[in-house]
Amino acid sequence: MDNRGGFKSKFGLIAAVGGSVVGLGNIWRFPYLAGENGGAAFIFVYIVICFLITVPLMISEFVIGRSAKTDVVNAFRRLTGGRRWEIVGYVAIISSFVMVSFYSVIGGWSLDFIKEAVLGNFTGKSSSEINIWFDSFVNSGTMPVIWSVSFIVLSCIIVIGGIEKGIEKFSKMMMPLIIFILFGLFIYSISMKGFGDAISFLFKPDFSKITPKVVLLALGQSFFSLSIGMGTMITYGSYIKDKVNLGKLSSTIAITDTSVAILSGLAIFPAVFTMGISPTSGPDLVFITLPSIFAQMPFGYFVSIIFFILLFVAAVTSSISLIEVLVTYLRDEFELKRSSAVIITCCTVSVVSSFITLSLVQDSAFTIGGMSLFDIADKATGVFLLPFGGMLAALFIGWYYGRDKFADHITNNYTVKLKESIINILYFIIKFVAPIVIGLLFISLL
Ligand code: PHE
């Protein structure tokens, strides 16, 4: 197993993990969820949950991965010497497979939107015109399939390069680009009339807006955004050097991810308020509302190109982490060469993703109980699989792995100074708080 490779530099590691967490979740999902659920109140709940529950779960996943140094399924065999916990790994494999098949549909749209923006096809269009165009695009079937498959192939080309020369190298170039573009968009939006309204919307919480539903959505979103419950952090963890401080890494990542999400809000909402549009347009926010706003703004032509490039780059750095879960599994479990593992993954994900894309065509056969495969994959991952996977990882660390081994790992055999009380709190959250909160979430969903 020595030739598995791994993350080489500290910056490369942060860029790769950062690339995984920063994605459509930050730029597409977070703004529309915040928009629909009370803005600042949602963000407040989100931040609390993120640091209280999701970060400890991320640490747990890293600990599992780094101590086992193998794929998500084998990890549980190796750490327990039995097969019972293997199921956690299989859940992660299924989740990341479904997730990447669904994620690439939207990643594919971002590619098409770059093309439309470059051709100037949004210029002068109203939101209802863009809506009609978007419907016909999604309904055309073939084009969206070609784009999503292209998106998968592009991601696979990066993964074929391996951890260090593929994922790490690519993320090291792309993460700074993402932050740079977002900052640029933010600075541009400061000049807008609606900037003040956006600031109060994002930062002045109306606590009466916090309902159980808001808490649930914030919890689900924090898992989605921090790539928890899909085996990504277990897989990446298996490539992390023993001397890396996992607690510090996780907090750095969570701070980066939250800042990027808020920065996206700051880049998007000033334009929304300037044009007098309601912030509650839901999933359409980024794909219909925004292009129609860009269409009427000064420099809108360039801003829309830059924005969709940003969306695409952020989506690729995330999809490669999901593909790597599957590739590492095929490599470690079946001793396949990386290239063969990537090709198998690329083909199977492309097929499933095409079905998901086609399920959005009107009267499509790819529906179950009246719901399109797209909606099923969206709900199944966001609402069920991610929290479930996160809960299983927490239960594993809390009830099987044990506090002492956990403490050894987060302190790197006591070379990292960490107060015993902090370790105890962390362990308490992993053992009791996280599983109970997630359990309550499921009960409330029923
Ligand atoms: N965190 C990514 C985003 O915010 C999505 C993702 C989830 C990636 C789970 C990997 C695993 O878009």
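The following refers to the structure shown. What you are looking at is a predicted structure, and each value in this text was computed from that prediction instead of being measured.

### Some points on the site of the ligand
Then, in step 1: Around the ligand, a shell composed of 16 residues is seen, among which Val21, Gly25, Tyr103, Phe224 and Ser227 lie nearest.
Then, in step 2: Ser20 places a main-chain nitrogen or oxygen 3.2 Å from a nitrogen atom of the ligand.
Then, in step 3: Between the ligand and Leu24, the relevant distance is 3.0 Å, taken from an oxygen atom to a main-chain nitrogen or oxygen of the residue.
Then, in step 4: Surface burial for the ligand is 100%, taken as the share of its 330 Å² of free accessible area covered by protein chains.

### What to know about helix 15 (residues 338-358)
Then, in step 1: Across its 21 residues, helix 15 extends 30 Å between first and last C-alpha, which sits within 8% of the 30 Å expected from 1.5 Å per residue.
Then, in step 2: Every buried residue of helix 15 is listed here: Arg338, Ala341, Val342, Thr345, Cys346, Val349, Ser350, Ser353, Ser354, Ile356 and Thr357.
Then, in step 3: Next to the buried residues of helix 15 lie helix 5 (86-118), helix 7 (142-160), helix 8 (162-190), helix 14 (300-334) and helix 16 (373-401).

### Some thoughts on unusual backbone geometry
Then, in step 1: Of note in this structure, Ser227 is not a glycine but carries a positive phi near 50°.
Then, in step 2: Relative to the assigned elements, Ser227 resides in the loop between helix 10 (212-225) and helix 11 (232-237).
Then, in step 3: When its relative accessible area of 9% is taken as the criterion, Ser227 is described as buried.
Then, in step 4: In this structure, Tyr414 is a non-glycine residue whose phi angle is positive, near 65°.
Then, in step 5: When you line up the elements, Tyr414 lands in the loop between helix 17 (403-410) and helix 18 (420-445).

### Some points on the side chain of Ser321
Then, in step 1: Mapped onto the fold, Ser321 is located in helix 14.
Then, in step 2: Apart from residues no more than four positions distant in its own chain, Ser321 is found in contact with Ser20, Thr232 and Tyr236.

### Some points on the packing of helix 3 (residues 40-68) against helix 12 (residues 246-274)
Then, in step 1: Axis separation between helix 3 and helix 12 bottoms out at 9 Å; the angle between their running directions is 140°. With respect to helix 12, the axis of helix 3 lies oblique. Crossing handedness for the pair helix 3 and helix 12: right-handed. Along its contact with helix 3, which presents Ile43, Tyr46, Ile47, Cys50, Phe51, Val55, Met58, Ile59, Phe62, Val63 and Arg66, the element helix 12 presents Leu246, Gly247, Leu249, Ser250, Ile253, Ala254, Ile255, Asp257, Thr258 and Ile262.

### Section: a positive patch on the surface
Then, in step 1: On the surface, Lys8, Lys10, Lys165, Lys169, Lys172, Lys241, Lys243 and Lys248 cluster together to form a positively charged patch.
Then, in step 2: Sort the elements by how many residues they give to the positive patch and helix 8 lands first, with three residues.

### As for the side chain of Thr328
Then, in step 1: Its location among the elements puts Thr328 in helix 14.
Then, in step 2: At 2.8 Å, the side chain of Thr328 and the side chain of Tyr239 are in polar contact.
Then, in step 3: Here Glu324 takes part through its side chain, which lies 2.6 Å from a polar atom of the side chain of Thr328.
Then, in step 4: For Thr328, the contacting residues outside a window of four places in its chain are Arg4, Asp71, Thr235, Tyr239 and Glu333.

### Describing the packing of aromatic side chains
Then, in step 1: Applying the stated criterion across every chain yields a total of 44 aromatic pairs.
Then, in step 2: Taken together, a centroid distance of 4.9 Å and an interplanar angle of 40° make the contact between Phe113 and Phe308 tilted. With Phe113 in helix 5 and Phe308 in helix 14, this residue pair connects regions lying 195 residues apart in the sequence.
Then, in step 3: You can call Phe113 buried: its relative accessible area is 0%.

### Some details on the pattern of salt bridges
Side chains that carry opposite charge are capable of pairing whenever their charged atoms lie near each other.
Then, in step 1: Within the structure shown, the criterion is met by 11 salt bridges.
Then, in step 2: Lys209 is the partner of Asp206 in a salt bridge, and the nearest nitrogen-oxygen pair spans 3.7 Å.
Then, in step 3: Looking at Asp206, the relative accessible area reads 35%, which means it is partly exposed.
Then, in step 4: Its relative accessible area of 42% is what places Lys209 among the partly exposed residues.
Then, in step 5: Glu420 is the partner of Arg403 in a salt bridge, and the nearest nitrogen-oxygen pair spans 2.7 Å. With Arg403 in helix 17 and Glu420 in helix 18, the pair connects residues that are 17 residues apart, well separated along the chain.
Then, in step 6: Overlapping salt bridges, with partners in common, bring together Arg77, Arg83, Glu86 and Glu333 in one network.

### Re the packing of helix 17 against helix 18
Two packed helices can be described by the angle between their axes and the distance between those axes.
Then, in step 1: Helix 18 packs onto helix 17 with a crossing angle of 120° between their chain directions and a minimal axis gap of 11 Å. Regarding the angle of helix 17 to helix 18, the classification is oblique. As for the relative orientation of helix 17 and helix 18, their crossing is right-handed in sense. Residue-level inspection shows Arg403, Phe406, Ala407 and Ile410 of helix 17 in contact with helix 18, the latter providing Glu420, Ile423, Asn424, Leu426, Tyr427 and Ile430.

### Description of the state of the cysteines
Then, in step 1: Counted under the stated rule, the structure contains zero disulfides.
Then, in step 2: Summary of cysteine pairing: Cys346 is not part of a disulfide, and the nearest cysteine sulfur, belonging to Cys156, is at 3.7 Å.
Then, in step 3: Take Cys346: its relative accessible area is 13%, and that puts it in the buried class.
Then, in step 4: You can see Cys347 has no disulfide; the closest cysteine sulfur is in Cys346, sitting 5.6 Å from it.
Then, in step 5: Residue Cys347 is classed as partly exposed on the basis of its relative accessible area, which comes to 45%.

### A short note on helix 7
Then, in step 1: A rise of 1.5 Å per residue sets the reference length of helix 7, with its 19 residues, at 27 Å; its end C-alpha atoms lie 27 Å apart and thus fit the reference within 8%.
Then, in step 2: For helix 7, the full list of buried residues reads Pro144, Val145, Trp147, Ser148, Phe151, Ile152, Ser155, Cys156, Ile158 and Val159.
Then, in step 3: Where helix 7 is buried, its residues meet helix 5, helix 6 (127-140), helix 8, helix 14 and helix 15.
Then, in step 4: Gly162 occupies a position one or two residues after helix 7 and carries a positive phi of about 95°.

Definitions and cut-offs
- Residues numbered from 1 in each chain as written.
- Predicted model: local features only at pLDDT ≥ 70, side-chain atom pairs only at ≥ 80, totals over all residues.
- Heavy atoms only, no water.
- Near = heavy atom within 4 Å.
- Polar contact = N/O pair within 3.5 Å; in protein donor to acceptor, adjacent residues only side chain to side chain.
- Areas by Shrake-Rupley, 256 points an atom, 1.4 Å probe, with all protein chains shown as cover.
- Helix = DSSP H or I, 4+ residues; strand = E, 2+ residues; numbered from the N terminus.
- Expected span 1.5 Å × (residues − 1).
- Buried < 20%, exposed > 50% of the residue type's maximum accessible area, 1.4 Å probe, protein only.
- Contact = heavy atoms within 4.5 Å.
- Axes fitted to C-alpha atoms, helices over the stretch in contact; angles between N-to-C directions.
- Parallel < 35°, antiparallel > 145°, perpendicular 65-115°, else oblique.
- Left-handed = near helix turned anticlockwise from the far one by under 90°.
- Patch = residues over 30% accessible without salt bridge, like charges linked within 9 Å, V, L, I, M, F, W, Y side chains within 5 Å.
- Salt bridge = Lys/Arg side-chain N within 4 Å of Asp/Glu carboxyl O.
- Lys, Arg positive; Asp, Glu negative; His and termini not counted.
- Charge placed at Lys NZ, Arg CZ, Asp CG, Glu CD.
- Phe/Tyr/Trp six-rings, centres within 6.5 Å; stacked < 30°, edge-to-face > 60°.
- Disulfide = S-S within 2.5 Å.

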